[in-house]
Amino acid sequence: MKLIELISDIPVKQHGVDAQSNDMFDELEITDITSDSRIVKKGSLFVCIKGTKVDGHKFIKDAVENGAVAVLAENGADIDTSLFESKDSPVLLLTDNTRHALSFVWNAWYGHPSKNMKLVAVTGTNGKTSVTFMLRAIFSAALIKTGLIGTVVCYSGDKRLSIRSEDENANMTTPDPKELYHILSVMEADGVELVLLEATSHALALDKLAPLHFAAAVFTNLTPDHLDFHVTMENYLEAKKKLFKMADIAIINGDDAYANGIADAAEKGGCKNIRLCTRDDGRRADYSAASISHLGADGIEYLLSSVCSVFKIKSPIPGRFTVINTLEAAACALEMGIDSRTVQDALRHMGGIDGRFERVKLCTGADFAVFIDYAHTPDALKNLLLTARDFRRSGQRIVLLFGCGGDRDRSKRAVMGEIASSLADFVVVTSDNSRSELPRDIISDIMVGFDFTRAHAVMIESRAEAIDYVIKNALTGDIILLAGKGHEEYEIDRSGKHPFSERNIAKESAKKYYYYR
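Residues numbered from 1 in each chain as written. Predicted model: local features only at pLDDT ≥ 70, side-chain atom pairs only at ≥ 80, totals over all residues. Heavy atoms only, no water.

Draft legend 1. Examining the overall build of the protein chain more closely. When helices and strands are counted, the protein chain shows 16 helices and 25 strands. Relative to a compact globule of 517 residues, whose C-alpha radius of gyration would be 24 Å, the protein chain shows 25 Å and is just as compact. For the protein chain, the spread of C-alpha atoms along the three principal axes comes to 80 × 55 × 45 Å. The distance from the centre of the 61 positive side-chain charges to the centre of the 72 negative ones in the protein chain is 5 Å. (Helix = DSSP H or I, 4+ residues; strand = E, 2+ residues; numbered from the N terminus. Rg over C-alpha atoms; globule rule 2.2 N^0.38 Å. Lys, Arg positive; Asp, Glu negative; His and termini not counted. Charge placed at Lys NZ, Arg CZ, Asp CG, Glu CD.)

Draft legend 2. Quick peek at empty space enclosed by the protein. All chains considered together, the criterion is met by three cavities of 30 Å³ or more. Here the largest cavity defines a volume of roughly 50 Å³. Around the largest cavity, the lining residues are Ser130, Met134, Ile317, Phe321, Thr322, Asn325, Gly352, Ile353 and Arg356. The dominant element in the lining of the largest cavity, judged by the number of residues it contributes, is helix α10 (residues 320-335), at three residues. Residue classes in the lining of the largest cavity are distributed as four nonpolar, four polar and one charged. (1 Å grid on protein atoms, 1.4 Å probe; cavity = no way out; pocket = protein on both sides within 12 Å on 5 of 7 lines; lining within 4 Å. Points joined across faces, edges and corners; volume = space filled by probe spheres on them. Nonpolar A, V, L, I, M, F, W, Y, C, P; charged D, E, K, R; others polar.)

Draft legend 3. Looking closely at the packing of aromatic side chains. Overall, the coordinates contain eight aromatic pairs when judged by the stated rule. Ring geometry for Phe450 versus Phe452: centroids 4.8 Å apart, planes at 55°, classification tilted. Since its relative accessible area comes to 7%, Phe450 is described here as buried. Ring geometry for Tyr513 and Tyr514: centres 6.4 Å apart, planes at 75°, overall edge-to-face. (Phe/Tyr/Trp six-rings, centres within 6.5 Å; stacked < 30°, edge-to-face > 60°. Buried < 20%, exposed > 50% of the residue type's maximum accessible area, 1.4 Å probe, protein only.)

Draft legend 4. Molecular detail of the pattern of salt bridges. The final tally for this structure, using the stated rule, is 26 salt bridges. Note that Arg38 and Asp36 form a salt bridge whose closest N and O atoms lie 3.0 Å from each other. Its relative accessible area of 71% is what places Arg38 among the exposed residues. On the basis of relative accessible area, Asp36 is assigned to the partly exposed category, the value being 23%. Salt-bridge contacts for Asp432 lead to Lys485; the nearest nitrogen and oxygen are separated by 3.9 Å. One end of the pair, Asp432, is in the loop between β21 (426-429) and α14 (439-447); the other, Lys485, is in the loop between β23 (479-483) and β24 (490-493), and 53 residues separate them in sequence. Of the two residues, Asp432 and Lys485, both sit in the buried class. (Salt bridge = Lys/Arg side-chain N within 4 Å of Asp/Glu carboxyl O.)

Below is the structure:
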């Protein structure tokens, strides 16, 4: 692809010359794009990225020696311009923000794939996966070919895509620009009409989505998380706000403390504000949930009320969080023209979501229930435990197994310990992707907040051994919650990333101790 085509959407200059008006760019062919000087080859465009640990500008010479024909760097960076002064030298382009520019470059490389598709983004600390899957069920029921890019999986219509990041420790949530725009191009080729995207705060802060425009954006909630990256809740909120300056319609959870901040950003961006409410406290709401009924393990139901209609929503997915999740999905779909009957039917018949309050099928003889959930933040853990308390019967114990991720926000560890001791009857604290940290150190941080006067606890570093322990010692009727990993099929520790299936471990442990032979 010609360099002029790759940079047509970004402000760049070459040695003070407006690059778009320079004829030499019309003929310069780019064969590859990379930010890693080690894999630069002849014909590459090398984009210098300033990371938290490594600055790509320091490797410009290596990139040039490896065959880069163009380098995209940031204004003001320390650059040896002598590398670009001879007649046969590579082209040096300068822009204000290379991360921002890189997203536009990859978008152009893949032919601006979203131009013929509608995009809907869901953002928030918790609930993104659930809401995108609910929206997928609704739009698919309306016979709209739908793509999904999220934490659990990536779909193009009904086809599951196996595209993964080059970083084996990365998950699927909002892929890096190289993967993201490739995925969108695959969906475009497949005839996808609408794409649902989980938009993380990292992706927004790092401008991965900068070239995109969204027909609708959904805000689920904002609770303390990722503060190792954002440092403050104010920075976290600012990252989320970016999305609502890029959308036509904002679907906002009005129950959340940060709703006004999101609404202000949306209004300033010319985005239509739609407020939701599940509390009968007199606040203005465009959509509200009334007469809420929790049906235990059978799910929830309520009356959806708006200016235009009132109708019943029923979902087989249990939990307090299901009320606001279904309301967000329903409101988004209705605002985008889907009829109420389709919304009702899709949500009523939708099954569970991998790793989201997912019940594990155990062998005959195991007279207790095991659920797997992705809850890995204080708010999500609290909601998970409250959901279990909503439908437990008299005498049933709530047994919680959880840990906290290594090399991540340490401030939430003691908070989660306090929540666990206040809402569970028995707690097993264990590892959960300890990464470079020692599991025992993370467990110690968690136990700072644990109140032993309210609940019993044991500490087992090995997660596999911890799961086996709770299964072996289960009592009749126990509700066992394996929290934190959800859909993940791996464990990350100091030695790397290893296959790890909580479902299989739980099933095998139950078979070992309870199977009637």
